[in-house]
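Coordinate inspection notes
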Amino acid sequence: MKSLVFILFTVIGLTSFAAEKNLGKGAKFTDAVPMSKIMKTPESYVGKEVTVSGTIVDVCAKRGCWMQLTTDVGNEKVRVKVNDGEIVFPLEARGKKAAAKGEFKKMVLTLEQTKNHLAHIAEENKKKFDPASVKEPMVVYQVQASGAVIEE
Amino acid sequence: MVEKSGSDWRKKLFLLNRSFHRDIGYFCVGLILIYAISGIAVNHVDSWNPSYVITRSEHTLKHLPKDAESDEFEKALTKSLGIKTDFRSRVRDSADEVLFFYEGTRVSWNETKQQAYVETTEKRIGLFFANYLHLNKAKRVWTYVADVFAVLLIYLSLSGLFMVKGANGFGRRGWMFVTAGIILPLSFYYFYV
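Small disclaimer: the values here were computed from a predicted structure and weren't measured. (Residues numbered from 1 in each chain as written. Chains lettered and ligands numbered in written order. Predicted model: local features only at pLDDT ≥ 70, side-chain atom pairs only at ≥ 80, totals over all residues. Heavy atoms only, no water.)

Turning to the overall build of chain A, a few remarks are in order. Counting secondary structure elements, chain A contains three helices and six strands. For chain A, the residues scored as buried account for 41% of the 152 residues in total. For chain A, restricting intrachain contacts to residue pairs at least 6 apart in sequence, the fraction spanning at least 24 positions comes to 70%. (Helix = DSSP H or I, 4+ residues; strand = E, 2+ residues; numbered from the N terminus. Buried < 20%, exposed > 50% of the residue type's maximum accessible area, 1.4 Å probe, protein only. Contact = heavy atoms within 4.5 Å.)

Helix and strand content of chain B: five helices and five strands. Secondary structure elements in chain B, listed N-terminal to C-terminal, are α-β-α-β-β-β-β-α-α-α. Taken against the 2.2 N^0.38 rule, which gives 16 Å for 193 residues, the C-alpha radius of gyration of chain B at 29 Å runs more than 25% over that of a compact globule. Taken along its principal axes, the extent of the C-alpha atoms in chain B is 100 × 35 × 25 Å. (Rg over C-alpha atoms; globule rule 2.2 N^0.38 Å.)

Let us now look at the packing of aromatic side chains. Tallying each qualifying case throughout the model produces 10 aromatic pairs over all chains. Between Tyr52 of chain B and Phe128 of chain B, the ring centres sit 5.5 Å apart and the planes meet at 65 degrees, which makes this aromatic pair edge-to-face. Linking Tyr52 of chain B in strand E1 (residues 52-60) with Phe128 of chain B in helix H3 (residues 127-134), this pair joins segments that are 76 residues apart in sequence. Counting every residue linked through ring pairs, the aromatic cluster contains Tyr45, Phe104 and Tyr141 of chain A. The ring of Trp66 of chain A has Arg79 of chain A lying over it, and the distance from NZ or CZ to the ring centre is 4.4 Å. (Phe/Tyr/Trp six-rings, centres within 6.5 Å; stacked < 30°, edge-to-face > 60°. Lys NZ or Arg CZ within 6 Å of the ring centre and 35° of its normal.)

Residues and elements named next belong to chain B. In space, the five strands of this open sheet follow the order E1-E5-E4-E3-E2, with antiparallel pairing throughout. Every interior strand has two partners, whereas the edge strands, E1 and strand E2 (87-94), have only one. Adjacent strand axes in the sheet meet at a mean angle of 15 degrees when their direction is disregarded. Pairing of strand E4 (residues 105-110) with strand E5 (residues 115-123), which is carried by six bridges, proceeds in the antiparallel orientation. Each residue of the ladder has a partner; that of Trp109, found in E5, is Ala116. (Pairing = 2+ DSSP bridges. Axes fitted to C-alpha atoms, helices over the stretch in contact; angles between N-to-C directions.)

Here we take up the interface of chain A and chain B. Taken residue by residue, the interface counts 32 residues in chain A and 34 residues in chain B. When chain A packs against chain B, the two sides together hide about 2,700 Å² of surface, and 54% of this comes from carbon and sulfur. At the junction of chain A and chain B, the tally comes to five salt bridges. Across the salt bridge formed by Asp58 of chain A and Arg106 of chain B, the nearest N and O atoms sit 3.7 Å from each other. (Buried area = accessible area lost by both parts, 1.4 Å probe. Salt bridge = Lys/Arg side-chain N within 4 Å of Asp/Glu carboxyl O.)

Next up on the list: the side chain of Glu97 of chain B. As for its position among the elements, Glu97 of chain B is in strand E3 (residues 97-102). Overall, Glu97 of chain B belongs to the buried group, its relative accessible area being 13%. The residues contacting Glu97 of chain B, other than those within four sequence positions of it, are Lys127 of chain A together with Arg92, Ser108, Trp109, Asn110 and Glu111 of chain B.

Right, let's talk about the nonpolar core for a bit. Soluble globular proteins: nonpolar side chains tend toward being buried together. Core analysis: the biggest nonpolar cluster contains 43 residues, and Val52, Ile56, Met67, Leu69, Val80, Phe89 and Phe104 of chain A have the highest contact counts within it. Ignoring sequence-local partners within four residues, the contact set of Phe89 of chain A consists of Leu23, Val59, Gly64, Cys65, Trp66, Met67, Val80, Val82 and Ala148 of chain A. The next biggest cluster of nonpolar side chains, apart from the first, holds 14 residues, and it includes Leu61, Phe100, Tyr102 and Trp109 of chain B. (Core = buried A, V, L, I, M, F, W, Y, C linked by side-chain atoms within 4.5 Å.)

Residues and elements named next belong to chain B. Residues Phe170, Trp175, Met176, Phe177, Val178, Ile182 and Leu186 make up a contiguous nonpolar surface patch of roughly 680 Å² in combined accessible area. Within the element layout of this structure, Trp175 appears in helix H5 (residues 170-192). The class for Trp175 is partly exposed, based on a relative accessible area of 41%. (Patch = residues over 30% accessible without salt bridge, like charges linked within 9 Å, V, L, I, M, F, W, Y side chains within 5 Å. Areas by Shrake-Rupley, 256 points an atom, 1.4 Å probe, with all protein chains shown as cover.)

With that settled, consider the confidence of the model for chain B. Per-residue pLDDT for chain B averages 91, and the proportion of residues at 70 or more is 97%. If you check the scores for this complex, the pTM reads 0.77 and the ipTM reads 0.76. (pLDDT = per-residue confidence, 0-100.)

Okay, here's the thing in structure tokens:
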């Protein structure tokens, strides 16, 4: 009985400590390509695997299905998306450094999609948003991550 | 003589099944509760956050140092807001907003409005852990624990069919409930999917 309890606690301990740092297939900070370099010729990266890194500014609060990282391009952020459940970015990781590896994707949004996209972001951040303020459609680049690493 | 031996064998199997069902049932109580409670919680993810309590507040703060990206400002902001947790990092978010990250707290400072927008996140006691396991955020070892649990559930459901004999047994009455339980998801699939 004692050994059963020991095994149970060991399993729980291992799972909770091991999971937070490397997510999915993992990633390396040293492989990160600066966004300034990517954005010089973004088309050449579309469809290819890249690693990006930065400070985690925001995380999907409910499902942990995306996070936003700072970049070296002014105040621009890069969005790192995962399929629901494949990787879960922890909300409490905001403010930590992270790197994510995955396919670099380009999404050309219509004006309506741009409004919806920005409205959704504003809603998640509980900020006011006026759809009429959006006059032009956006092109969104994001990394569809297969792995990530978060600095402890 | 042959008939008696066959009857003994069946009786032994029946008792063995009962014993296994009982003990595995005991073993699974904790996991069943975790998965069931978390199941209800995450089922309603669109209307609430099942893992975190997020508290938001706005504060207008005057007389803070001018340079929002200085250490001096960060210390004054932390003191003014009464934040006790460790400071983590600072990031400029836009032309007039700087983000400050603390353990469990994010502060968005608007330089123009001189306003701090504070967002505190706390894990829901118990539910965070239940969801963590249920949604298999841990991956690795827990994946196998969850697989074993699923196999045990399959065993419990099938062995349960042979637990009761007589008028309330599977052969005479139980099969109707089993059929109804199978029809429910199938009809849902037929009519809604």
